[in-house]
Amino acid sequence: MDYQNAPDIATTRPAGRAAQSNAAGRFEPYQHVAEDDGWSRAEDQSVLRTETTIETPRKVLTYNKSPDLPFDRSINPYRGCEHGCIYCFARPTHAYLGLSPGLDFETKLIARPQAAKVLAQELRRPRYQVATVALGTNTDPYQPIEKHHGIMREILTVLSDFNHPVAIVSKGSLIERDMDILTSMAARGLVRVGVSVTTLDSGLSRSMEPRAPAPKRRLQMIRRLSAAGIEVRVMIAPVVPGLTDHELEAILTASKEAGAVGASYITLRLPHEVAPLWEDWLRRHVPERAEKVLRRLREMHGGALYAADWGKRMRGEGVHAELLGSRFNRACKNLGLAQRLPELRRDLFRVPPRAGDQLSLF
């Protein structure tokens, strides 16, 4: 089955969603095609409500050995993401659940309310070796449903109790709710926050990232977190060649002025089902730039829209990739933005006593 040419299940264009199709994932043997039976006229088909189901995890720490990543473990409080960023490289993970990386990824979410409890059990294991845990590297832990579930706050509470270092990546302004925990952890050298800023164009952001905070709001997040003593890194992720790459210096400058102390970038990645979703979005929203963007991506990935080679998948290769890297390095140097920040503290880690535990006399 060619999932890139799968039929479009959507008969209407859902408002407030980036994806406009719901083709089955690459592991599914069948596709579903919607047919108008005449009843759709009697009800509003353009609004898709978010559905959330509950998962009880057996473990929450996920380990990786990727040479492209600066961390070896991460936690995902949620599967799927209501922010609905059309370019999200995590969309294909919904295919493992038998769901579509398209609209299902944005509307059929999975919450893991027992995550903090399971995490505490994992951290208490005698052989556990402490290292910075990453949150938000797959789906956003501060997406809108966190307001109801509060899983991220519970996880932060556990990490704070254990004096465990954590690096958070988010677009969600709900992170400000947890300023009390984050400020306390920052004072101990245990936390760093990365705020993702893809563009300063609010109109473009609205169409690419329909339920994420506007660019000005994300800069405000950087300002408020920094003012509270929390180390913030701006993440230009993704940089879209031919569409947002011209904003690189402007985003870095605005973020520095807001208080960011570090910066990083990743070029657009289009693994598996993301490629056709992205191309569809591109032709609908910026048709005059579509061919330029696609051509530039192919030039950076050996003729394909995406290549997953280690050491190349995050930045691409070739003239355009080198030019982008050179611009980024120069801007960071001029602005005093660090590309590598000091490691968070690991020496403070301790297992807190539980009610009923025998306390040591020494």
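Since the structure is predicted, the reported quantities are computational estimates derived from the model, not experimental observations. Residue positions are counted from 1 within each chain, in the order its sequence is given. Per-residue local features are limited, in this predicted model, to residues with pLDDT of at least 70; the limit for side-chain atom pairs, both in listing and counting, is 80 or more; totals at the level of whole chains, interfaces and linings are taken over all residues. Excluded from the side-chain calculation are hydrogens and water; included are all heavy atoms of the structure.

**Let's talk about the environment of Glu 317**
Note the following rule: The way it works is that DSSP assigns letters per residue, a run of H or I at least four long becomes a helix, a run of E at least two long becomes a strand, and they are numbered from the N terminus. Here's how the labels work: a residue is buried when its accessible area is under 20% of the maximum for its type, exposed when over 50%, partly exposed in between, all with a 1.4 Å probe on protein chains only. Contacts are residue-level and defined by heavy atoms, with any inter-residue pair within 4.5 Å sufficient.
Tracing the backbone shows Glu 317 in the loop between α10 (287-300) and α11 (319-335). Judged by relative accessible area, which is 33%, Glu 317 ranks as partly exposed. C-alpha separation for the pair Glu 317 and Glu 299, spaced 18 residues apart in sequence, amounts to 8.1 Å. Leave out the neighbours within four places in its chain, and Glu 317 touches Glu 299, Met 300 and Lys 312.

**A few points about the sheet that holds strand β2 (residues 62-63)**
Inclusion rule: Should DSSP find at least two bridges between two strands, the strands are regarded as paired. Working convention: axes come from line fits to C-alpha atoms, limited for helices to the stretch in contact. Angles between N-to-C directions cover 0 to 180 degrees.
As summarised here, the arrangement of the 7 strands in space is β2-β3-β6-β7-β8-β9-β10, forming an open sheet in which the pairing is mixed. At either margin of the open sheet sits one strand with a lone partner, and together these are β2 and β10 (262-267). Note: strand β9 (residues 232-239) against β10, 5 bridges, orientation parallel. If you follow Val 239 over to β10, its bridge partner there is Thr 267. Of the strands in this sheet, β7 (166-170), β8 (191-196) and β9 touch helix α7 (residues 215-227), which is tilted by about 165° from β8.

**Let's talk about α7**
Inclusion rule: One fewer than the residue count of a helix, multiplied by 1.5 Å, yields its expected span.
In a regular helix each residue adds 1.5 Å, so 13 residues correspond to 18 Å; α7 covers 18 Å between its end C-alpha atoms and thus fits that length. Positive phi appears at Gly 229, one or two residues downstream of α7, with a value of about 85°.

**Examining the nonpolar core**
This is how the line gets drawn: Nonpolar cores were defined as sets of buried Ala, Val, Leu, Ile, Met, Phe, Trp, Tyr and Cys residues, with membership established by side-chain atoms within 4.5 Å.
Among the nonpolar cores identified, the biggest contains 61 residues, and Ile 168 and Leu 252 are the most heavily contacted of them. If near-sequence neighbours (up to four positions away) are discounted, Ile 168 is found in contact with Leu 135, Tyr 142, Met 152, Leu 156, Ile 175, Leu 182, Val 191, Arg 192, Val 193 and Gly 194. Of all hydrophobic cores here, the second largest spans 29 residues; its members include Ile 86, Ala 90, Phe 105 and Leu 277.

**Observations concerning the sheet that holds strand β4 (residues 78-79)**
In spatial order, the strands read β1-β5-β4; together these 3 strands make up an open sheet with mixed pairing. Either end of the sheet is taken by a strand with one partner, and the two such strands are β1 (51-54) and β4. In the sheet, β4 pairs with strand β5 (residues 108-111) via 2 bridges, with the strands oriented antiparallel. Its bridge partner lying in β5, Arg 79 is registered against Ile 110.

**Points about the pairing of β8**
Condition: Here is how to tell: hold the view so the strands point away, follow the path from the first strand over the helix to the second, and if it runs clockwise the crossover is right-handed.
Among the 6 residues that make up β8, 6 are buried, leaving the element largely enclosed by the rest of the structure. Where burial is concerned, the two faces of β8 agree: the one with Val 191, Val 193 and Val 195 and the one with Arg 192, Gly 194 and Ser 196 are both buried. Pairing of β7 with β8 involves 5 bridges; the strand directions are parallel. Residue pairing in the sheet places Val 166 in a bridge with Val 191 of β8. Handedness of the crossover is the feature at issue here: the chain leaves β7, passes through helix α5 (residues 179-187), returns alongside β8, and the resulting connection is right-handed. Examined bridge by bridge, β8 and β9 share 4 bridges and lie parallel to one another.

**Structural notes on the packing of helix α4 (residues 151-161) against α5**
For clarity, the threshold we go by: Angular relationships are summarised with four words: roughly parallel below 35 degrees, roughly antiparallel beyond 145, roughly perpendicular across 65 to 115, and oblique for the angles in between. When the near helix sits turned anticlockwise from the far one by under a right angle, the crossing is termed left-handed; a clockwise turn instead gives a right-handed crossing. By the convention adopted, Pro, Cys, Tyr, Trp, Phe, Met, Ile, Leu, Val and Ala count as nonpolar, Lys, Arg, Asp and Glu as charged, and the other residues, Gly among them, as polar.
Orientation of α4 relative to α5, taken along the N-to-C sense of each, is 25°, at an axis distance of 10 Å. By the angle between their directions, the pair α4 and α5 is classed as roughly parallel. As α4 runs across α5, the sense of the crossing is left-handed. Contacts between α4 and α5 pair Arg 153, Leu 156, Thr 157, Leu 159 and Ser 160 from the former with Asp 180, Ile 181, Leu 182 and Met 185 from the latter. Taken together, the residues of the contact of α4 with α5 sort by class into 5 nonpolar, 2 polar and 2 charged.

**A short note on unusual backbone geometry**
Of note, the amide linkage connecting Ala 237 to Pro 238 takes the cis form, showing an omega dihedral of 0°. On the secondary structure map, Pro 238 appears in strand β9. If you check the backbone angles, Asn 163 has positive phi at about 55° while not being a glycine. In this fold, Asn 163 is placed in the loop between α4 and β7.

**Details of the pattern of salt bridges**
We apply this condition: By convention in these notes, a salt bridge is any Lys or Arg side-chain nitrogen within 4 Å of a carboxyl oxygen on Asp or Glu.
Tallied over the full model, the rule gives 22 salt bridges. Here Lys 108 makes a salt bridge to Asp 104, at a shortest N to O gap of 3.8 Å. Measuring nitrogen to oxygen at the nearest pair gives 2.7 Å for the salt bridge that ties Glu 146 to Arg 177. In this pair, Glu 146 is assigned in helix α3 (residues 146-149) and Arg 177 in the loop between β7 and α5, connecting sequence segments 31 residues apart. A relative accessible area of 31% means that Arg 177 is categorised as partly exposed. Sharing partners across several salt bridges, the network here consists of Glu 146, Arg 153, Arg 177, Asp 178 and Asp 180.

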